[in-house]
Amino acid sequence: MTKNSSNIMALSPNTSNKRETVCIFGTGDFGRALGLKMIQSGYPVVFGSRSTQTSSLIPKDAEVLSHAEAAQKAAIIIIALQRQHYNFLIPLAEVLHGKVLVDVSNNLKINQYPESNAEYLSQLLPGARVVKAFNTVSAWALQSGTLDASRQVFVCGDDMEAKQMVMDIVRAVGLTPLDKGSLLAAQEIENYPLQLFPMWKFPIFLSLGLTAFFFFYCLALDVIYPYVYQNKDFSFFIVISIPNRICPILALILLALVYLPGVLAAIIQLYRGTKYRRFPDWLDKWMLCRKQLGLVALAFASVHVLYTLVIPIRSYVRWRISSHTISQALNNKTEPLNTTNAWLSDSYVALGILGFFFFFLLGITSLPSVSNNVNWREFRFVQSKLGYLTLILCTAHTLVYGGKWFLNLSLYKWYLPHAYMLSLIVPCIVLVIKFVLIFPCLDKPLTQIRQGWERNPKYSEQSNYIINKSAV
Amino acid sequence: MTKNSSNIMALSPNTSNKRETVCIFGTGDFGRALGLKMIQSGYPVVFGSRSTQTSSLIPKDAEVLSHAEAAQKAAIIIIALQRQHYNFLIPLAEVLHGKVLVDVSNNLKINQYPESNAEYLSQLLPGARVVKAFNTVSAWALQSGTLDASRQVFVCGDDMEAKQMVMDIVRAVGLTPLDKGSLLAAQEIENYPLQLFPMWKFPIFLSLGLTAFFFFYCLALDVIYPYVYQNKDFSFFIVISIPNRICPILALILLALVYLPGVLAAIIQLYRGTKYRRFPDWLDKWMLCRKQLGLVALAFASVHVLYTLVIPIRSYVRWRISSHTISQALNNKTEPLNTTNAWLSDSYVALGILGFFFFFLLGITSLPSVSNNVNWREFRFVQSKLGYLTLILCTAHTLVYGGKWFLNLSLYKWYLPHAYMLSLIVPCIVLVIKFVLIFPCLDKPLTQIRQGWERNPKYSEQSNYIINKSAV
Amino acid sequence: MTKNSSNIMALSPNTSNKRETVCIFGTGDFGRALGLKMIQSGYPVVFGSRSTQTSSLIPKDAEVLSHAEAAQKAAIIIIALQRQHYNFLIPLAEVLHGKVLVDVSNNLKINQYPESNAEYLSQLLPGARVVKAFNTVSAWALQSGTLDASRQVFVCGDDMEAKQMVMDIVRAVGLTPLDKGSLLAAQEIENYPLQLFPMWKFPIFLSLGLTAFFFFYCLALDVIYPYVYQNKDFSFFIVISIPNRICPILALILLALVYLPGVLAAIIQLYRGTKYRRFPDWLDKWMLCRKQLGLVALAFASVHVLYTLVIPIRSYVRWRISSHTISQALNNKTEPLNTTNAWLSDSYVALGILGFFFFFLLGITSLPSVSNNVNWREFRFVQSKLGYLTLILCTAHTLVYGGKWFLNLSLYKWYLPHAYMLSLIVPCIVLVIKFVLIFPCLDKPLTQIRQGWERNPKYSEQSNYIINKSAV
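Every value quoted in this text rests on a predicted model; they were computed, and no experiment measured them.

## Quick look at the overall build of chain A
Looking only at helices and strands, one finds 19 helices and eight strands in chain A. For chain A, the proportion of its 472 residues judged to be buried stands at 57%. Expressed as a percentage of contacts within chain A between residues at least 6 apart in sequence, the contacts between residues at least 24 apart total 71%. Just so you have it, chain A exposes about 20,600 Å², and 62% of that area is on carbon and sulfur atoms.

Following this line, the structure appears as structure tokens:
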């Protein structure tokens, strides 16, 4: 930045701390809230409005002028209008030439228009320097001052200097600007505030579905079966016992589903002999929500841990243990210590603890601030090595837990397998395939393919330009 | 940046990696530590000092000259002096004209002077380009190299280029610059290192006060009462039983206090018929420390969980259960399973687990790196929907826990209610008001008011410019 | 940036959204992956290759030309070649003059060459503007689109404008650029992806060594001793009982080792009477990995908590309690409540819970996003005050746990002390030294020394320039 340019723009006056006047087009709720905030931060604010009568709602320190007059007073104009009214600005094109126009608008639906509002504004007024900003904060948040959530304001624009000026305002009102690059990013920025956990939808619906299935399965086997055949009322199992059966089952299945797409992708690549062809759409989507699947699995595992640890506090469990002790005392016999039982019980618990510990570590490394501080080599080490270790430990935990029941067919109620056996199917498949894939005869070609080698280069010629567009 | 400007400043020499000379005014502890760090990072350093004798403490590779001579050698001058000595710089105004002056000073008290030190420096030397930086790191941290804590260095200044030059030095010595905008931000930056958890003071003192009250309340009812009337020594209850009564009570009250200001604000807005009037001061402050209140509540809830889970390990509990079992065995009777009891005990435990789980989720989303990655819609969904779900679950947990005792007056010692009943007052008030507020006849006008509608626009005219200044 | 400069560079075309052409030298795996990603982001891409035949692997929309022709078409050239082939670029020096060259290369070993690849490139082609970027992402990550890990791309370079252009490309392909300053930072950036938790190696190997030692120690005392002398088979202790003895021991020792270097440094500074002399190398290294030591200690403490909480679920423990109850019932006697025991058992558990709670708080504040949001005063308060409180609570927890065994020599198997006694040595040493150091007669000179005062200024003259180089 030469002296010359800073004289023209008077961006950062060296000798005085007076802020530059900012103009706001539109006196709606958001325009007023932003204007008030800027006045409080020391900016002179002028509103551009169709009616120049000072409305009672407009902050007192602000001037209200016609659009053209207001625009002439400032280098930066905030366009707090709906996209439908943008064409009202066309007659002002001359006044707005060279000015910094800040598009703060949002849409009602994701991808509502073919181009973003900011790009549309830029097309209407080619002489203006359009910057997208402020659309991620709400009038309510600006006014109430309770900016607990993200203070980040995404900023994008094609003009570096205009962007810097807007980012300075963002900082001045107590928010944090984040440069998202050129105006092409506006579409993404406009879609951002409309999202409601888009990546979490599939994992959450999947787990709700599985939860419902396993709930009725366990209800039938653990509550209805004893009620029908033994006339025992175990309805209170619904509260803790059955949830504590569903949680570990779901945790294990979801954890296995995190690693299943990886081994499927490896099989596909081995079969095709190239990595330069797009995976099927469902596999792509699945791979992109693995982190969320894993975190939902961790949530189920955590609840399982809590449910398990309260077992000795439960009134039913205390009654059962006490009854057992009393009946032994009354029969005047003491059982000797069963070492095999002690081994099994302790192993099963220890495997679960270690599995949960590594699972929790995986969860911590997926926190944004932690994963930003590890490099790829470290991230893959944690997610791959530690992830498989977790899967192995949790699968072993389940296997040891049910060890004795597997072969005892008389324990199968209504000839149905126990619920935990169903939970073992997916993890065992994943572990077996993974075990096969690490044999050198498969691992070597796979590594080559992933480094860019092709078994049949001819074939890929037609298809290589359609590789995976869903990546960003 | 044109070629022209980069020739003048030689900011980034393309052909050689030699760093620009940096001048440091002041040979105190901080100046020397910073100088040494810069020498290690490849910068030639020259010190400006009243006495030009090379002190033994100054790094050997650094030159020591008079202030004027030193200043001429460098484009950047770090002013490592106390604010009281800034007027010594006035005679050097000519030499310092156009130079980048880096103000690294701190004060002893928050808002000690009317203007920040950096702005004061800028007023004394209007021709210099003042940048505030480095005040958040200490000489000790620079020297010991143990920069475990924040590596962030806040930088502000009115001259973009000067700021860039300083930010390059910050990066070169291994720290992370954070642009805070124009020199107006200097006041905030200078106050920053003097703070000691300002937002946490109210929640922590409040919870200490409540803890003390409930401790003596429980002590009277659970230890002194049985000692006086039954001559039993339960003094060891002080260690676990009473803390495990205080923790859940405080967790529930503090959690309810997080949501109370929100419903109070809604009532005030409904009553006034506008959102354009400032809330009372106490309500503003209360709303700003809700996050901290919630996290303190979560801490109490976590300790409660741990205290509860160790119950079966406690020697007193083992003795009580064992005594009960033995007395049953000796009387030769076995109790049948009480299904109602099993239902109540399991429900109470399950509600607590689910409440704690959602509470923990809320806590995770308040981590800075997580809340920066959700948009407003998602943040409000989590904090509002999940928050109320947590409050409902925890209140239900407490209600079910004490269910049987409520109506049994004979259990009231000294006619005082049990402590947990006191804890239910605030949450029940919040939940009842919230329940009333979601009726359409109240929800509709409230939504309109929050979107900017006013019942009585005249009234607000006098007051709208004083809305909430405490926001930033 | 003046209009002039932006005309020349056409960096951000205001009137159209067409992206600038980017040239890629090298058609290897990484070059192709990056090229495809750029094409998908809207950049025209031209490859420079020795053979200008369109290979089947190159994305269809990309042109392939000779190096010179390709370079002429673009302002930015990505050098996707190995360092060994950089000298092939020398004949192109004229064409590459003034162009932005992006060095994306990595080495196979840390510090493989005396200078970084990017600096080497800059020396070969002094007329080009070299920027280091993209080396932290892999071809696989770009192609599979599963950028779960860090999206951060470190960028450094001496030319500000060139850096901005590259950072815009980084943003456009969906990654986050992080400016690391001048080209001198390239060495660090090139070493970054080769690291595998370098700071964690010492803590992890140390804890593995200590784990092995204590495992065999406990195995001898708890399993082999009763097998030899009492012929009892407690081999299942290996699964939970012994790990649950090792974990707290290691947690306590490692936590004490976090605070030991601090008190050692204080002693050294007091002895030398100055802070301007370098600490021994081992002490420097030790101080730099304190955070990692503390987190490993926290991991052991967490596993200890889980192992402890499952105690009542273990089949062995249930058998032991039940046997004890039955034998009492059969002998027709009931033990009265032992208040001393209740006090001891409750205190020991409560101290452990509080210690773990503060330890966990310490762990949370070491999350990058949390520690970036506290200032130095707050960080030192938490790490020093809360840290010592944690150490005191955990040491007291261990002391109360073993209280009764200390003096009872008959309990010493094979005349060896119980394992937990060994764990108390380091923490007690640290606490005693710290206690001595807070006496005013030592605290006052230490504070002065840390503020820069010297007892014997002469002495430091020879040594002050070698202070602590390992800081960055």
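Past the structure itself, the notes keep going.
## Re helix H7 (residues 160–172) of chain C
Residues and elements named next belong to chain C. End to end, H7 covers 18 Å across 13 residues, agreeing with the expected 18 Å (1.5 Å per residue, within 8%). Most of H7 sits inside the fold, with 13 of its 13 residues counted as buried. N-capping of H7 is provided by Asp 159, with a side-chain oxygen placed 3.0 Å from the backbone N of Glu 161. One or two residues past the end of H7 sits Gly 174, with phi positive at roughly 90°.

## Points about the sheet that holds strand E5 (residues 100–103) of chain B
Sheets are built from strands paired through backbone hydrogen bonds, the pairs being either parallel or antiparallel. Residue and element names in this part refer to chain B. One open sheet holds the eight strands; their spatial order is E3-E2-E1-E4-E5-E6-E7-E8, and the pairing between them is mixed. Both outer strands of the open sheet, strand E3 (63–65) and strand E8 (176–179), are each paired with one neighbouring strand and no more. When strand polarity is set aside, the average angle formed by the axes of neighbouring strands in this sheet is 30°. Here three bridges tie strand E2 (residues 45–48) to E3, and the two strands are oriented parallel to one another.

## Brief notes about the interface of chain B and chain C
Listed by partner, the interface residues are 73 residues for chain B and 84 residues for chain C. In total, chain B and chain C occlude about 7,000 Å² of area from one another, counting both sides; carbon and sulfur atoms represent 62% of this. Where chain B meets chain C, there are 10 residue pairs in polar contact (both at pLDDT 80 or more). Where the side of chain B that touches chain C is concerned, the elements lending two or more residues are helix H2 (29–40), helix H6 (139–144), helix H7 (160–172), helix H12 (290–309), helix H13 (315–330) and helix H15 (368–371) of chain B. At nine residues, the largest contribution of residues to the side of chain B that touches chain C is made by H13(B).

## Brief notes about the packing of helix H9 (residues 201–230) of chain C against helix H10 (residues 243–272) of chain C
Residue and element names in this part refer to chain C. Packing of H9 against H10 brings their axes to within 10 Å, and their N-to-C directions diverge by 140°. As judged from the angle between their axes, H9 and H10 are oblique. As H9 packs across H10, the resulting crossing turns out to be right-handed. Contacts between H9 and H10 pair Leu 206, Ser 207, Leu 210, Thr 211, Phe 214, Phe 215, Cys 218 and Asp 222 from the former with Arg 245, Ile 246, Ile 249, Leu 250, Ile 253, Leu 254 and Leu 257 from the latter. Of the residues that constitute the contact of H9 with H10, the class distribution is 11 nonpolar, two polar and two charged.

## As for the pattern of salt bridges
What the rule picks out here adds up to 36 salt bridges over all chains. Note that Asp103(C) and Lys132(C) form a salt bridge whose closest N and O atoms lie 2.7 Å from each other. Here Lys132(C) lies in strand E6 (residues 129–132) and Asp103(C) lies in strand E5 (residues 100–103), a separation of 29 residues in the sequence. For Lys132(C), a relative accessible area of 0% gives the class buried. With a closest N to O distance of 3.1 Å, Lys163(C) and Asp179(C) form a salt bridge. With a gap of 16 residues between them, Lys163(C) in helix H7 and Asp179(C) in strand E8 (residues 176–179) connect regions that are remote in the sequence. Overlapping salt bridges bring together Lys163(A), Asp179(A), Asp168(C) and Arg171(C) as one network.

## Things to note about the sheet that holds strand E5 (residues 100–103) of chain A
Residue and element names in this part refer to chain A. Taken together, the eight strands give an open sheet; going across it, the order is E3-E2-E1-E4-E5-E6-E7-E8, and neighbouring strands pair in mixed fashion. Since the sheet does not close on itself, it has two edges, and those belong to strand E3 (63–65) and strand E8 (176–179), each with one partner. Across the sheet, the mean angle from the axis of one strand to that of its neighbour is 30°, orientation sign disregarded. Docked against the sheet, helix H5 (residues 117–124) engages strand E4 (76–79), E5 and strand E6 (129–132), running at close to 170° with respect to E6.

## Thoughts on helix H16 (residues 376–402) of chain A
For H16(A), built from 27 residues, the straight-helix expectation of 39 Å at 1.5 Å per residue is met to within 8% by its first-to-last C-alpha distance of 38 Å. Where H16(A) begins, the capping side chain belongs to Asn375(A), and its oxygen is found 3.0 Å from the backbone nitrogen of Arg377(A).

## A few points about unusual backbone geometry
Residues and elements named next belong to chain B. Positive phi, close to 50°, is recorded for Asn 111, a residue that is not glycine. Inspection of the secondary structure puts Asn 111 in the loop between E5 and helix H5 (117–124). Owing to a relative accessible area of 47%, Asn 111 belongs among the partly exposed residues under this scheme. Phi at Phe 134 is positive, roughly 65°, even though this residue is not glycine. Examined against the element boundaries, Phe 134 turns out to sit in the loop between strand E6 (129–132) and H6. Given a relative accessible area of 1%, Phe 134 falls into the buried group.

## Topic: the packing of aromatic side chains
Residue and element names in this part refer to chain A. Under the criterion given, the structure shown has 66 aromatic pairs over all chains. Taking 5.3 Å as the distance between ring centres and 40° as the angle between the ring planes, the aromatic pair formed by Tyr 348 and Tyr 401 counts as tilted. Taken as a pair, Tyr 348 in helix H14 (residues 339–365) and Tyr 401 in helix H16 lie far apart in primary sequence, 53 residues in all. The class for Tyr 348 is partly exposed, based on a relative accessible area of 23%. Judged by relative accessible area, which is 26%, Tyr 401 ranks as partly exposed. Through a chain of ring-to-ring contacts, the aromatic side chains of Phe 234, Phe 236, Phe 237, Tyr 316 and Trp 319 assemble into a single cluster.

## Focus: empty space enclosed by the protein
Of the volumes computed, that of the largest cavity is approximately 380 Å³. If you trace the largest cavity, you find 18 residues lining it, with Ile321(A), Ile321(B), Pro312(C), Arg318(C) and Ile321(C) closest to the centre. Elements represented by at least two residues in the lining of the largest cavity include exactly helix H13 (315–330) of chain A, H13 of chain B together with helix H13 (315–330) of chain C. For the lining of the largest cavity, a count of residues per class yields nine nonpolar, six polar and three charged.

## What about the relation of the copies chain B and chain C?
Of the transformation superimposing chain B on chain C, the axial component is 0.0 Å and the angular component is 120°, with the fit at an RMSD of 0.1 Å. Such a combination of turn and shift is consistent with a three-fold rotation axis. A different interface surface on each copy is seen, since only 11% of the contact residues of chain B are contact residues in chain C too.

## Quick notes on the nonpolar core
One finds Leu391(A) and Leu391(C) to be the most contacted residues of the largest nonpolar core, which totals 232 residues. Sequence-distant contacts of Leu391(C), defined by excluding residues within four places in its chain, comprise Leu252(C), Leu255(C), Ala256(C), Tyr259(C), Pro427(C), Val430(C) and Leu431(C).

## A short note on the side chain of Thr395(A)
Residue and element names in this part refer to chain A. By the element assignment, Thr 395 lies in helix H16. Given a relative accessible area of 3%, Thr 395 falls into the buried group. When neighbours within four sequence positions are excluded, Thr 395 is seen to be in contact with Leu 252, Leu 424, Pro 427, Cys 428 and Leu 431.

## A word on the packing of H12(B) against helix H14 (residues 339–365) of chain C
Between H12(B) and H14(C), the shortest axis-to-axis distance is 10 Å and the interhelical angle comes to 145°. The two elements H12(B) and H14(C) meet at a crossing, and its hand is right-handed. For the pair H12(B) and H14(C), the contacting residues are Ala299(B), Val303(B), Leu306(B) and Tyr307(B) in the first and Ala350(C), Ile353(C), Leu354(C), Phe356(C) and Phe357(C) in the second. For the contact of H12(B) with H14(C), the residue count by class is nine nonpolar, no polar and no charged.

## Things to note about the domain arrangement of chain A
How big an interface is tends to be expressed through the accessible area that disappears when the partners come together. Domain boundaries in chain A define domain 1 (22–194) and domain 2 (198–471). One C-alpha centre belongs to domain 1 of chain A, the other to domain 2 of chain A, and the line joining them spans 49 Å.

## Things to note about the environment of Ala128(B)
Mapped onto the elements of the fold, Ala128(B) is located in the loop between H5 and E6. By relative accessible area, which is 2% here, Ala128(B) ends up buried.

Rules used in this analysis
- Residues numbered from 1 in each chain as written.
- Chains lettered and ligands numbered in written order.
- Predicted model: local features only at pLDDT ≥ 70, side-chain atom pairs only at ≥ 80, totals over all residues.
- Heavy atoms only, no water.
- Helix = DSSP H or I, 4+ residues; strand = E, 2+ residues; numbered from the N terminus.
- Buried < 20%, exposed > 50% of the residue type's maximum accessible area, 1.4 Å probe, protein only.
- Contact = heavy atoms within 4.5 Å.
- Areas by Shrake-Rupley, 256 points an atom, 1.4 Å probe, with all protein chains shown as cover.
- Expected span 1.5 Å × (residues − 1).
- Polar contact = N/O pair within 3.5 Å; in protein donor to acceptor, adjacent residues only side chain to side chain.
- Pairing = 2+ DSSP bridges.
- Axes fitted to C-alpha atoms, helices over the stretch in contact; angles between N-to-C directions.
- Buried area = accessible area lost by both parts, 1.4 Å probe.
- Parallel < 35°, antiparallel > 145°, perpendicular 65-115°, else oblique.
- Left-handed = near helix turned anticlockwise from the far one by under 90°.
- Nonpolar A, V, L, I, M, F, W, Y, C, P; charged D, E, K, R; others polar.
- Salt bridge = Lys/Arg side-chain N within 4 Å of Asp/Glu carboxyl O.
- Phe/Tyr/Trp six-rings, centres within 6.5 Å; stacked < 30°, edge-to-face > 60°.
- 1 Å grid on protein atoms, 1.4 Å probe; cavity = no way out; pocket = protein on both sides within 12 Å on 5 of 7 lines; lining within 4 Å.
- Points joined across faces, edges and corners; volume = space filled by probe spheres on them.
- Least-squares fit on C-alpha atoms with pLDDT ≥ 70 in both.
- Core = buried A, V, L, I, M, F, W, Y, C linked by side-chain atoms within 4.5 Å.
- Domains from an automatic or database assignment.

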